[in-house]
Amino acid sequence: MVIERFSQTVINSGVFRLYIAIGFFATLIFFTLNADFFTPMEMILGIILVTIILKGISNMMLSLIISLFSLDNKRSEFNFKYNEEKIQVMLNELSVKDVMDSNEKNLKKAN
C-alpha cells in the first residue's frame, strides 16, 4: 500500500509526462531544423519512435525508483506507532486501576 501510494504520487506529479513532452518537442524541433535531410515519413516515424522510447525509459525509471524504495523506515515507524498505542493502552488501564484502588480505600475509610 505504501509503494502503491508512492508510485501513484510520482505518476500524478507529472514529472514523467514533462520528460516525455520535452523529448517529443525536442525531436520535433530537431526534425524541423533538419528538414532538408529527412523525408516527411522519416520525420513522423522518428518522432513516434523517440516518444515511445522515452515512454519506455520513464517506465523503467519508475520501476527502478519503486524497487529501490526502502520500506525499513515505514516499518520502524509502524512498529513505533503500534508500540506507542500498546503503551498508551497499558497506561490507561493502570490509571483506571489506580482510580479504582483509591476509590476502594476511600470507601473503606468512610465505613
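Structure's up top.
Residues numbered from 1 in each chain as written. Predicted model: local features only at pLDDT ≥ 70, side-chain atom pairs only at ≥ 80, totals over all residues. Heavy atoms only, no water.

J.: Would you take a moment to explain the overall build of the chain for this structure?
T.: Along its length, the chain carries four helices and zero strands. Listed N to C, the secondary structure of the chain is α-α-α-α in terms of helices and strands. For the chain, the spread of C-alpha atoms along the three principal axes comes to 110 × 20 × 15 Å. When contacts within the chain are restricted to residue pairs at least 6 apart in sequence, those whose partners lie at least 24 apart make up 65%. For the chain, the exposed area adds up to about 9,300 Å²; of that, 68% sits on carbon and sulfur atoms. Mean positive and mean negative side-chain charge positions of the chain (11 and 11 charges, respectively) differ by 8 Å. (Helix = DSSP H or I, 4+ residues; strand = E, 2+ residues; numbered from the N terminus. Contact = heavy atoms within 4.5 Å. Areas by Shrake-Rupley, 256 points an atom, 1.4 Å probe, with all protein chains shown as cover. Lys, Arg positive; Asp, Glu negative; His and termini not counted. Charge placed at Lys NZ, Arg CZ, Asp CG, Glu CD.)

J.: Explain a nonpolar patch on the surface here, please?
T.: On the surface, Tyr19, Met41, Ile44, Leu45, Ile48, Leu49, Ile52, Ile53, Ile57, Met60 and Met61 cluster together into a nonpolar patch covering about 1,000 Å² of accessible area. It is helix H3 (residues 40-68) that provides the largest number of residues to the nonpolar patch, a total of ten residues. You can see Leu45 is positioned in helix H3. (Patch = residues over 30% accessible without salt bridge, like charges linked within 9 Å, V, L, I, M, F, W, Y side chains within 5 Å. Salt bridge = Lys/Arg side-chain N within 4 Å of Asp/Glu carboxyl O.)

J.: Sorry, what's going on with H3 here?
T.: Counting along an α-helix, one turn takes 3.6 residues, and residues three or four places apart therefore face a common direction. For H3, spanning 29 residues, the distance from its first C-alpha to its last is 42 Å, which sits close to the expected 42 Å at 1.5 Å a residue. Within H3 the residues assigned to the buried category are Met43, Gly46, Ile47, Leu54, Ser58 and Leu62. (Expected span 1.5 Å × (residues − 1). Buried < 20%, exposed > 50% of the residue type's maximum accessible area, 1.4 Å probe, protein only.)

J.: Would you take a moment to explain the environment of Phe25 for this structure?
T.: Examined against the element boundaries, Phe25 turns out to sit in helix H2 (residues 15-33). For Phe25, a relative accessible area of 48% puts it in the partly exposed group. Sequence separation between Phe25 and Ile65 is 40 residues; the distance between their C-alpha atoms is 26 Å.

J.: Any chance you could explain the packing of aromatic side chains here in plain terms?
T.: The description of an aromatic ring pair uses the distance of the two centres, along with the angle that the planes make with each other. Counting across every chain of the model gives four aromatic pairs. Seen in terms of ring centroids, Phe30 and Phe31 are 5.3 Å apart; in terms of plane orientation they differ by 70 degrees. Their pairing is edge-to-face. A residue is classified by how much of its surface remains accessible, and Phe30, at 41% relative accessible area, is partly exposed. Considering the side-chain rings of Phe30 and Phe38, the 6.1 Å spacing of their centres and the 55 degrees angle between planes classify their relative orientation as tilted. Joined through ring pairs, the aromatic side chains of Phe30, Phe31 and Phe38 make up one cluster. (Phe/Tyr/Trp six-rings, centres within 6.5 Å; stacked < 30°, edge-to-face > 60°.)

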